[in-house]
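Letter by letter, the chains look like this.
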Amino acid sequence: MRVLILGGDGYLGWPTAMQFSNRGHDVHVVDNYLRRKAHEEAGTGSLTPVLPGLPERVAAWKDVTGKEIGVTEGDLCEWSVTELVFGEFRPEAVIHYGEMPSAPYSMKSREHAVFTQTNNVVNTLNVIFAIEQFVPDCHLVKLGTMGEYGTPNIDIEEGYIEIEHNGRSDLLPMPKLPGSFYHLSKVHDSHNIHFACRVRGMRATDLNQGVVYGIETEETTLDPRLVTRFDYDDVFGTALNRFCVQAVAGHPLTVYGSGGQTRGYLNIVDTLQCVELAVMNPAERGEMRVYNQFTEQFSVTELAELVQKAGAEYGIGVEVRSIPNPRVEMEDHYYNAQHSKLLDLGLRPHLLSETLVESMFGVIEKNKEHIDREHILPRDSWRPSA
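The shown structure was predicted, so the numbers you read here are calculated from the model rather than taken from an experiment.

1. A few points about the sheet that holds strand β8 (residues 203-209)
Strand order in the open sheet formed by seven strands is β3-β2-β1-β4-β5-β8-β12, and the pairing between neighbours is parallel. One side of each edge strand has no neighbouring strand; the edge strands of this open sheet are β3 (69-73) and β12 (288-293). Pairwise comparison of adjacent strand axes, ignoring direction, gives a mean angle of 20° for this sheet. Bridge count for strand β2 (residues 26-31) against β3 is five bridges, and the pairing is parallel. If you follow Val-30 over to β3, its bridge partner there is Thr-72. Together, β2 and β3 form the strand contacts of helix α3 (residues 54-65), whose direction differs from that of β3 by roughly 175°. Sheet contacts for helix α7 (residues 181-200): β5 (139-145), β8 and β12; angle to β5, the most-contacted strand, approximately 155°.

2. Topic: the packing of helix α1 (residues 13-22) against helix α9 (residues 268-280)
Closest axis-to-axis distance for the α1/α9 pair is 10 Å, and the angle between their directions is 55°. Our classification of the angle between α1 and α9 gives oblique. The element α1 and its partner α9 pack so that their crossing is right-handed. In this structure, α1 uses Pro-15, Thr-16, Gln-19 and Phe-20 to contact α9, whose residues at the interface are Ile-268, Leu-272, Val-275, Glu-276 and Val-279. Considered class by class, the residues forming the contact of α1 with α9 number six nonpolar, two polar and one charged.

3. Side note on the pairing of β12
Within β12, six of the six residues are buried, which leaves it mostly tucked inside the rest of the structure. Of the two faces of β12, the one lined by Met-288, Val-290 and Asn-292 and the one lined by Arg-289, Tyr-291 and Gln-293 are each fully buried.

4. Comments concerning unusual backbone geometry
Even without being a glycine, Arg-90 presents a positive backbone phi close to 55°. Examined against the element boundaries, Arg-90 turns out to sit in the loop between α4 (79-89) and β4 (93-96). The class for Arg-90 is partly exposed, based on a relative accessible area of 36%. A positive phi is found at Asn-166, a non-glycine position, where the angle reads about 50°. Mapped onto the fold, Asn-166 is located in the loop between β6 (160-165) and β7 (168-173).

5. A word on empty space enclosed by the protein
Remark: the empty space left among the atoms is shown by a probe the size of a water molecule rolled over them. A full pass over the atoms with the stated rule returns two cavities of 30 Å³ or more. Approximately 110 Å³ is the volume attributed to the largest cavity. If you go around the largest cavity, you meet 13 residues; those closest to its centre are Gly-159, Pro-173, Lys-176, Met-288 and Val-290. Mapped by element, the contributors of at least two residues to the lining of the largest cavity are α7, β8 and β12. Ranked by residues supplied to the lining of the largest cavity, first place goes to α7 with three residues. Of the residues contributing to the lining of the largest cavity, the split by class is five nonpolar, five polar and three charged. Of the voids in this model, the second largest cavity is the one considered here, and its volume is about 80 Å³.

6. As for the sheet that holds strand β9 (residues 211-213)
Read from one edge of the open sheet, three strands run β9-β11-β13, paired in mixed fashion. Strands at the two margins of the open sheet, each flanked by one partner only, are β9 and β13 (296-299). Direction aside, the axes of adjacent strands within the sheet are offset by 45° on average. Bridge count for strand β11 (residues 262-267) against β13 is four bridges, and the pairing is antiparallel. Each residue of the ladder has a partner; that of Thr-262, found in β13, is Ser-299. Where helix α10 (residues 300-314) meets the sheet, it contacts β11 and β13, and its direction lies at approximately 95° from that of β13.

7. Some thoughts on the pattern of salt bridges
Evaluated as defined, the whole model comprises 21 salt bridges. The residue Lys-108 makes a salt bridge to Asp-380 at a minimum N-O spacing of 2.8 Å. Here Lys-108 is found in the loop between α5 (103-106) and α6 (110-134), whereas its partner Asp-380 is found in the segment after α12 (352-366), with 272 residues between them in sequence. Its relative accessible area of 29% is what places Asp-380 among the partly exposed residues. We note a salt bridge from Glu-148 to Lys-176, for which the minimum N-O separation is 2.8 Å. Taken together, the residues Glu-148 in the loop between β5 and β6 and Lys-176 in the loop between β7 and α7 connect sequence positions 28 residues apart. The class of Lys-176 is partly exposed, set by a relative accessible area of 22%. One connected set of salt bridges, linked through shared partners, spans Glu-99, Lys-142, Lys-186 and Asp-189.

Quick notes on the rules
Residues numbered from 1 in each chain as written. Predicted model: local features only at pLDDT ≥ 70, side-chain atom pairs only at ≥ 80, totals over all residues. Heavy atoms only, no water. Pairing = 2+ DSSP bridges. Helix = DSSP H or I, 4+ residues; strand = E, 2+ residues; numbered from the N terminus. Axes fitted to C-alpha atoms, helices over the stretch in contact; angles between N-to-C directions. Contact = heavy atoms within 4.5 Å. Parallel < 35°, antiparallel > 145°, perpendicular 65-115°, else oblique. Left-handed = near helix turned anticlockwise from the far one by under 90°. Nonpolar A, V, L, I, M, F, W, Y, C, P; charged D, E, K, R; others polar. Buried < 20%, exposed > 50% of the residue type's maximum accessible area, 1.4 Å probe, protein only. 1 Å grid on protein atoms, 1.4 Å probe; cavity = no way out; pocket = protein on both sides within 12 Å on 5 of 7 lines; lining within 4 Å. Points joined across faces, edges and corners; volume = space filled by probe spheres on them. Salt bridge = Lys/Arg side-chain N within 4 Å of Asp/Glu carboxyl O.

Structure, rendered in structure tokens:
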């Protein structure tokens, strides 16, 4: 199968590219190094040392495995780039990671919010029209986010909910209550993709992903040059990744506010499983499937306690400390999200309690000298300045 991976230089994009290549698929990746540029702007970077760019990464992959991955370095917001890639490669499946992926980044300023929404919405619209023009039977697998739903005081369904109103009923998209300009951009993407499926006959799967943790996959461990990036800073680092880095660095785990914020989580290995299941079991023409992509739910306090326990197993003492929450969010809330569809397709979860020490602490310890403690604590408030 010809598989096009957008955002192929990223934390998830690069391991996904290697896995599909390793499975014998014809893989092509696209990236404009947006995250690298954002890190350069902020003075931060990956904990794990990654090669300078995609040409070097795919060269290392070929050296290790003998397999090739095609590369386009370019911006999907430019129609000329999107048109060229789709017209030449003619993908049968598109895996779309290629967006600005950070809620804190989007909340920094007007400029960051505008860039986030423009970048994410425009490039996805270009992808929709490129599929329609060049490969109308292609299946779009889009990485969404559980953050689109927010934290409603009802159960979160997988994409759609049965509504009864004034004696009539309909199956409608689950209401969205996003908590940042980034999450809003993903909602706009979902609406545009849903429209393209309903009205223009596209086939798509929207993967509303929870928080991903972990560093290693089957392919990244083949050679040090194949490692994926690992962000731990206050802008691109997730709570669990940041907690593990703090633990190894001897820094207190920084729980925002009361720590009751609850979300879905999954191992990076399970992300690759989910994406592969979606690609190999495509949606029908005119159908937009929505899968809630996570395996377990934890509050931030529960995460901190798990990391503290794992630290003890690893031989390090870990302190947990509450700090003022820079975000505007409900800290204690109801949260019960359904997530059965990927399990029905064959997902075999790797649980956090079984993988935390082996999948995180050793790699972080090996790269401990790269930890920049100045960028662990939050530097921006989501509240408007007075």
